[in-house]
Amino acid sequence: MVRIHDKAALVLRVILSPISLSFALSIREAISQRGDLSTLNAISTRFPSILGDLASQGGTLLAPTNNALSSYINDAGIADIGSISEADARDLLSYHSIPISLKSADLTQTGGTIVNTKLMAEAFANLQGQPNVVYASAFGSTGQEQALGNLQIFSGAGAPANVTGSDLAWDSGFLHVIDRVLNYPQPCGKTAKVENHSMSRFHEALAAANLTTSVDNTPKFTCFAPTDAAFAAAGVDFKSLSPKQLKDTLNYHSIVGDVAYSTAVEDGKEYQTLLGSPVTVRKAGGKLLINDVPVERGNVIMSNGVAHLLGGILTVRATATSSAKGASQSSQISTKNSATGLKIGGRIAGVLSGVIISMSSGMLAL
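Residues numbered from 1 in each chain as written. Predicted model: local features only at pLDDT ≥ 70, side-chain atom pairs only at ≥ 80, totals over all residues. Heavy atoms only, no water.

K.L.:
Looking at this model, I keep getting lost on the sheet that holds strand E15 (residues 305-310). Mind explaining?
P.N.:
By way of backbone hydrogen bonds, the strands of a sheet pair with one another, either parallel or antiparallel. One open sheet holds the seven strands; their spatial order is E10-E9-E15-E14-E13-E12-E11, and the pairing between them is mixed. The strands lining the two open edges of the sheet, one partner per strand, are strand E10 (254-256) and strand E11 (270-272). Sheet twist, expressed as the mean angle between neighbouring strand axes with direction ignored, is 30 degrees. Where strand E9 (residues 221-226) lies against E15, six bridges are found, and the strand directions are parallel. Note that in E15 the partner of Phe-221 across the bridge is Gly-305. (Pairing = 2+ DSSP bridges. Helix = DSSP H or I, 4+ residues; strand = E, 2+ residues; numbered from the N terminus. Axes fitted to C-alpha atoms, helices over the stretch in contact; angles between N-to-C directions.)

K.L.:
Whenever I open this one, the nonpolar core confuses me. Can you help?
P.N.:
Inside soluble globular proteins, nonpolar side chains tend to come together where they are buried. Ranked by size, the top nonpolar core spans 51 residues in total, and within it Ile-27, Ile-31, Leu-61, Ile-153 and Leu-182 carry the most contacts. Excluding residues within four positions of it along the chain, Ile-27 makes contact with Leu-51, Leu-54, Ala-55, Leu-61, Trp-170, Asp-171 and Leu-175. Within the second largest apolar cluster, 26 residues are counted, among which are Ala-192, Leu-241, Leu-246 and Val-256. (Core = buried A, V, L, I, M, F, W, Y, C linked by side-chain atoms within 4.5 Å. Buried < 20%, exposed > 50% of the residue type's maximum accessible area, 1.4 Å probe, protein only. Contact = heavy atoms within 4.5 Å.)

K.L.:
Which parts of the structure should I look at to understand the environment of Gly-268?
P.N.:
Structurally, Gly-268 is set in the loop between E10 and E11. Once the C-alpha coordinates of Gly-268 and Leu-289 are considered, the two residues, 21 residues apart in sequence, prove to be 9.8 Å apart. With residues up to four places along the chain from it excluded, the contact list for Gly-268 reads Thr-280, Val-281 and Arg-282.

K.L.:
Whenever I open this one, the state of the cysteines confuses me. Can you help?
P.N.:
A covalent bond between the sulfur atoms of two cysteines is referred to as a disulfide. Here the structure, examined in full by the defined rule, presents zero disulfides. We note that Cys-188 lacks a disulfide partner, and the nearest cysteine sulfur, in Cys-223, lies 3.9 Å from it. What makes Cys-188 buried here is its relative accessible area of 1%. (Disulfide = S-S within 2.5 Å.)

K.L.:
Quick question: what am I supposed to make of the pairing of strand E2 (residues 59-64) here?
P.N.:
For a regular strand, side-chain orientation follows a simple rule: the groups alternate between the two sheet faces. Within E2, six of the six residues are buried, leaving the element largely enclosed by the surrounding structure. Where burial is concerned, the two faces of E2 agree: the one with Gly-59, Leu-61 and Ala-63 and the one with Thr-60, Leu-62 and Pro-64 are both buried. The sheet contact formed by E2 and strand E8 (residues 173-178) spans six bridges and is parallel. If you follow Ala-63 over to E8, its bridge partner there is Val-177. The pairing of E2 with strand E3 (residues 97-98) spans two bridges and is classified as antiparallel. Its bridge partner being in E3, Leu-61 is matched across the sheet by Ser-97.

K.L.:
Please explain the pattern of salt bridges as it appears in this structure.
P.N.:
For side chains of opposite charge, pairing can occur when their charged atoms come near one another. Taken as a whole, this structure holds six salt bridges when the rule is applied. Close ionic contact of Arg-90 with Glu-86 constitutes a salt bridge, the shortest N to O distance being 3.0 Å. Of the two residues, Arg-90 and Glu-86 both sit in helix H6 (residues 86-95), four residues apart, roughly one turn of that helix. (Salt bridge = Lys/Arg side-chain N within 4 Å of Asp/Glu carboxyl O.)

K.L.:
Would you explain the pairing of strand E7 (residues 161-170) in this entry?
P.N.:
Note: strand E6 (residues 152-154) against E7, two bridges, orientation antiparallel. Along E7, the bridge assignment pairs Gln-152 with Asn-162. Following E6, the chain reverses through six residues before pairing antiparallel with E7; Gly-158 in that reversal takes a positive phi of roughly 125 degrees. When E7 meets E8, the two strands line up antiparallel, connected through five bridges. Within E8, the residue paired with Leu-168 across the bridge is Leu-175. Counting the residues between successive antiparallel strands, the hairpin from E7 to E8 contains two residues.

K.L.:
Before we go on, may I ask you to explain helix H5 (residues 66-75) in this structure?
P.N.:
An α-helical turn contains 3.6 residues, so any two residues separated by three or four positions project in the same direction. Among all positions of H5, only Asn-66, Ala-68, Leu-69 and Ile-73 are buried. Angularly, the buried residues of H5 cover 160 degrees about the axis, an arc narrow enough to put them on a single face. Those residues of H5 that are exposed and angled more than 90 degrees off the buried face are Asn-67, Asn-74 and Asp-75. Elements in contact with the buried residues of H5: helix H3 (38-46), E2, H6 and E8. In the stretch just after H5, Gly-77 is the one whose phi turns positive, near 75 degrees. (Arc of directions from axis to C-beta.)

K.L.:
I tried to follow the environment of Lys-118 on my own but got confused; where do I start?
P.N.:
Counting through the fold element by element, Lys-118 comes out in the loop between strand E4 (113-116) and strand E5 (133-137). With 13 residues separating them along the chain, Lys-118 and Pro-131 place their C-alpha atoms 6.1 Å apart. Setting aside residues no more than four positions away along its own chain, Lys-118 makes contact with Asp-53, Leu-54, Ser-94, Ser-97 and Pro-99.

Dropping the structure here:
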């Protein structure tokens, strides 16, 4: 349950590793020797500089197969491989490049691993100068499943990539072959649109509360977003709520500060929300839970943070007031409202959409 991000870790791994990394193959040669990476080889040959830092300084490449790149090109509406621009190829490879050498054993730790990539483009990394990340896990999207499964790479909204070939060594690192191109991180609102089969009600709530621009532009933002099924089960009707009520409920599903990846939050600890009332995180029975509500899918990487999809709606357990301290220290989103739990259809539903967990300390334990 660590976040791997610095070059000191690379030095330590080289010193401690029982396997020498002094192989004759360069990264380009390693790619060219695999028939299932011929499309990637064609792209990197056409634009040699896109592997520049990785080739010269070492690291790890998550290498999409021919089929993965073909699907990506079709879905993106690109005519063919020859139509990919150098800028697009650079963004693509930067999100698949990790600046330190990691074997599959480093990526299959219990709880999962958050890893910095080389993706720094502002459109995909609104994180106050930090690169965006991927989440590697062999224990599901929250890292809490009890049985070891296949290693997967979780990125932006959409399906994760499966690692189909691992620990392919080159002279300064490793290749791991994946069966999907990683999904670019998008802002919160666009993430909800992409996850249209499970987050459409959440997107509707953001629009109804006029919060879409704020949650899209606020860096280091975490939202706990109830799924469409959770909204349906609660019988929530946004039209019956005042703008103040809706904003209050959304503020209880939100954090601003460092990003609350599942690897960063601690079992049994309370985290302050923008509403001014805390939520409690638990890790038990193979589940990540927020106020006893299970996370159905965790670690959906956003350009400005992370989303966790909830199987229910969070309920404020006691009267909560959005204090000046709770609002001003934790958020760039203005909130002046106080709230108690809202009665909807005879139930108390204190939180409707994406809890931004605001870290009063400004830091999550990593």
